[in-house]
Amino acid sequence: MNIPITIAIDAMGGDNSPNKVIEGISIHSKNSLDINYKIFGNQNLIIPLIETYEVSKDRIEIIHTDKVVEGEDSALTAAKKGKETSLWLAVESLKNNKADAIVSAGNTGALFVISKLNLGMIESIDKPALSGLWPNKYGMNIVLDLGANIDCNEKNLLDFSLMGSALHKALFENETSKVALLNIGSEELKGNNVIKNTYQTLNEKKNSFYEFHGYIEGNNIMDGDVNVIVTDGFTGNVALKTAEGTANFIVNELKETMTSNLLGKFSSIINLSNLKKFKNKLDPRKYNGAIFLGLTGPVVKSHGGIDGLGFYYSVDLCYKIAKGKLIEKIKSNLAHSKNISNDER
């Protein structure tokens, strides 16, 4: 008999919470059976929504608190608010092994600081990485770092390669992890010293848990030739925001073109099925959820302004990485890499 996965959920973080949170849980509970939900927040707001969205009471536990980390709170302020906020209690349940992962749509800085205070870092990892899902032509990419670290050294990028490939394997067990470094060109001489030194190390250090495919340029991210893309947080965040803006621009322009005149409206009716597929492919809600890699437990950050369907996808991401034993895979990759380094000496 399989032991159900337990997800700790900060119900009060982000816009329109706890409404969107309970809606997301409702959608997820109807699609997954081997999972329970620990919901942290104001029960006076949560319980009526449980009824509205018809969430099975057998699979939830509500831990009441009326203390909340606000969106405008600094990370330090959030930590000083104490151990009774919904965010702190949710993370603490993961620390105490009463949950397998935690998700919050609240303050990103507060989530990271509170998670780091409670969980700590995996041994030998110097910096965490914020990783996310990014669609490609054939499936999905793992991209990291998306903004946790502005400056990274060679060791950080090597660690990101190990953690990113572990995340990819946890989510897509039957696929081969293919790592590439995001750079301004594909030639070996391109890039700064950190990128070039990392390239040389990855190219020389062969291992069994991922293939190294050299450099990748920004315009090739969605080609699908690789599926784990490693970069520093500054570059990764700029690339992410650029891609999001471009996708929104394309969808909005297409919508305006297809509805601006009679011919466009007629064409949109004829191509309705293809247009729905196109829109579905670019729907950012499907890729909602960024994972803090490097902590001793799985922590997922949902977008604060997402709706109920988007929050469902972040809960499902928690479920998949817990079921895929993400933390064990990261530790295994790190241990194997250390053994390879020792053998080479």
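Our structure's up above, just so we're on the same page.
Below you will find a few notes about this structure. (Residues numbered from 1 in each chain as written. Predicted model: local features only at pLDDT ≥ 70, side-chain atom pairs only at ≥ 80, totals over all residues. Heavy atoms only, no water.)

### Here we look at the overall build of the protein chain
And step 1. In terms of regular secondary structure, the protein chain is built from twelve helices and eleven strands.
And step 2. Compactness check: the protein chain gives a C-alpha radius of gyration of 21 Å against a globular reference of 20 Å for 345 residues, within 12% of the reference.
And step 3. Across the 345 residues that make up the protein chain, the buried fraction comes to 49%.
And step 4. The contacts in the protein chain between residues at least 6 apart in sequence include a share of 71% that link residues at least 24 apart.
And step 5. Counting every atom, the protein chain has about 17,100 Å² of accessible surface; 52% of that belongs to carbon and sulfur.
And step 6. Mean positive and mean negative side-chain charge positions of the protein chain (38 and 40 charges, respectively) differ by 2 Å. (Helix = DSSP H or I, 4+ residues; strand = E, 2+ residues; numbered from the N terminus. Rg over C-alpha atoms; globule rule 2.2 N^0.38 Å. Buried < 20%, exposed > 50% of the residue type's maximum accessible area, 1.4 Å probe, protein only. Contact = heavy atoms within 4.5 Å. Areas by Shrake-Rupley, 256 points an atom, 1.4 Å probe, with all protein chains shown as cover. Lys, Arg positive; Asp, Glu negative; His and termini not counted. Charge placed at Lys NZ, Arg CZ, Asp CG, Glu CD.)

### Some details on helix 11 (residues 308–323)
And step 1. Here helix 11 spans 22 Å end to end across 16 residues, near enough to the 22 Å set by a 1.5 Å rise per residue.
And step 2. Summarising burial for helix 11: twelve of the 16 residues are buried, a large majority.
And step 3. The residue sitting at the N-terminus of helix 11 and contributing the capping side-chain oxygen is Asp307; that oxygen lies 3.3 Å from the backbone nitrogen of Leu309.
And step 4. Directly beyond the C-terminal end of helix 11, a positive phi value near 55 degrees is found at Lys325. (Expected span 1.5 Å × (residues − 1). Polar contact = N/O pair within 3.5 Å; in protein donor to acceptor, adjacent residues only side chain to side chain.)

### A closer look at the pattern of salt bridges
And step 1. Throughout the structure, instances matching the rule amount to ten salt bridges.
And step 2. A salt bridge links Asp159 to Lys155, with the nearest nitrogen and oxygen atoms 2.7 Å apart. Placement of the pair is Asp159 and Lys155 together in helix 6 (residues 154–171), with a separation of four residues, close to one helical turn.
And step 3. In this structure, Lys190 engages Glu187 in a salt bridge whose closest nitrogen and oxygen atoms are separated by 3.3 Å. (Salt bridge = Lys/Arg side-chain N within 4 Å of Asp/Glu carboxyl O.)

### Looking at the packing of helix 6 against helix 11
And step 1. Running from amino to carboxyl end, helix 6 crosses helix 11 at an angle of 100 degrees, the nearest separation of the two axes being 8 Å. What the angle tells us is that helix 6 and helix 11 run roughly perpendicular. On helix 11, the residues that touch Leu167, Ala170 and Leu171 of helix 6 are Leu317, Lys320 and Ile321.
And step 2. Considering only residue class, the contact of helix 6 with helix 11 consists of five nonpolar, no polar and one charged. (Axes fitted to C-alpha atoms, helices over the stretch in contact; angles between N-to-C directions. Parallel < 35°, antiparallel > 145°, perpendicular 65-115°, else oblique. Nonpolar A, V, L, I, M, F, W, Y, C, P; charged D, E, K, R; others polar.)

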